[in-house]
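Structural overview for review
Listed below are the residues making up each chain.
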Amino acid sequence: DTTVKQNPRYKLARVGKPVNLICSQTMNHDTMYWYQKKPNQAPKLLLFYYDKILNREADTFEKFQSSRPNNSFCSLYIGSAGLEYSAMYLCASSRDRYEQYFGPGTRLTVL
Amino acid sequence: GQQVQQSPASLVLQEGENAELQCNFSTSLNSMQWFYQRPGGSLVSLFYNPSGTKHSGRLTSTTVIKERRSSLHISSSQTTDSGTYLCAPLTGNTGKLIFGLGTTLQVQP
């Protein structure tokens, strides 16, 4: 089973409010990733966890937080949502940073 | 500049025709991953190909690292092949994927 699950599938948030997105996988993968995709743009890596170590991309370092309470779960947290955060958020996982398997995504709309 | 370029941007075929999708990249890579996505659907991994040629049914992926290119060949296309095909070089030791904008394929009956 190569299933990655994401919750919720759709999220509506108000400007200035926090947002928490959840991802889970049961493949015992050591690495979990979060990507952001906006219309007419390529998916872009935001951050990833390798085991318990969080790595954030330099240009999104201060905008997103994440936690990984156990091997199966990973969250993406936005402390104060802005209009520019409206996007599709894709979670992926892999073993040893090889082939990545993606979830269905969470579509976040900030109003 | 854009690190990953896919061509063509869009393609329309008649059922039964073959398609060749190209991916060129300026970054160094450890491997290449190809994905398929239906409108509103998930990214489905088609190939994880560090180098050389791999086959899966009617699909063939060829990656030539030295020339910084990869291709996806679809033979005898079917209407169910319609969707977007994305290539993504896997870079560095972090497993980071750098995506292209994709090729949108429409196969007409």
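First things first, this report covers the structure right here in the doc. Throughout this description, residue numbers start from 1 for each chain and increase along the sequence as written. Key to labels: chains lettered from A, ligands numbered from 1, both in the order written. Confidence filtering applies because this is a predicted model: local features only for residues at pLDDT of at least 70, side-chain atom pairs given and counted only at 80 or more, and all residues used for totals across whole chains, interfaces and linings. Side-chain numbers come from the whole structure's heavy atoms, not from hydrogens or water.

**Focus on the pattern of salt bridges**
Just to be clear on terms, a salt bridge is a Lys or Arg side-chain nitrogen sitting within 4 Å of an Asp or Glu carboxyl oxygen. Under the definition given, this model contains 4 salt bridges over all chains. Linking Glu57 of chain A and Lys96 of chain B is a salt bridge whose minimum nitrogen-to-oxygen distance equals 2.6 Å. Pair noted here: Glu57 of chain A is in the loop between strand E6 (53-56) and strand E7 (65-70) and Lys96 of chain B is in strand E10 (residues 96-97), and the two residues belong to different chains. Accessible area is worked out with a 1.4 Å probe on protein chains only. A residue is then buried under 20% of its type maximum, exposed over 50%, and partly exposed in between. Take Glu57 of chain A: its relative accessible area is 19%, and that puts it in the buried class. Linking Asp81 of chain B and Arg58 of chain B is a salt bridge whose minimum nitrogen-to-oxygen distance equals 2.9 Å. On the criterion of sequence distance, the pair formed by Asp81 of chain B in the loop between strand E8 (69-74) and strand E9 (83-91) and Arg58 of chain B in the loop between strand E6 (52-56) and strand E7 (59-64) is long-range, its members being 23 residues apart. Using a relative accessible area of 9% as the deciding quantity, one classes Asp81 of chain B as buried. A run of DSSP states H or I qualifies as a helix once it reaches four residues; a run of E qualifies as a strand once it reaches two. Both are numbered from the N-terminal end.

**Comments concerning the pairing of E6 of chain A**
Residues and elements named next belong to chain A. Strands pair, by our definition, only if DSSP identifies at least two bridges between them. As judged from the 4 bridges shared by strand E5 (residues 44-50) and E6, these two strands associate in the antiparallel manner. Bridge pairing links Tyr50 to Ile53 in E6. Linking E5 to E6, which pair antiparallel, is a turn of 2 residues; within it Asp51 sits at a positive phi near 55°.

**Examining the sheet that holds E7 of chain B**
All names here are of chain B. One open sheet accounts for 5 strands, arranged E1-E3-E8-E7-E6; its pairing is antiparallel. A strand with exactly one partner marks an edge of an open sheet, and here the two such strands are strand E1 (4-7) and E6. Neighbouring strand axes in the sheet, compared pairwise and without regard to direction, differ in orientation by 15° on average. With 6 bridges connecting them, strand E3 (residues 19-25) and E8 associate as antiparallel partners. Residue pairing across strands places Glu20 opposite His73, the latter belonging to E8. Here, axes are lines fitted to C-alpha atoms. For helices the fit covers the stretch in contact, and angles between N-to-C directions go from 0 to 180 degrees.

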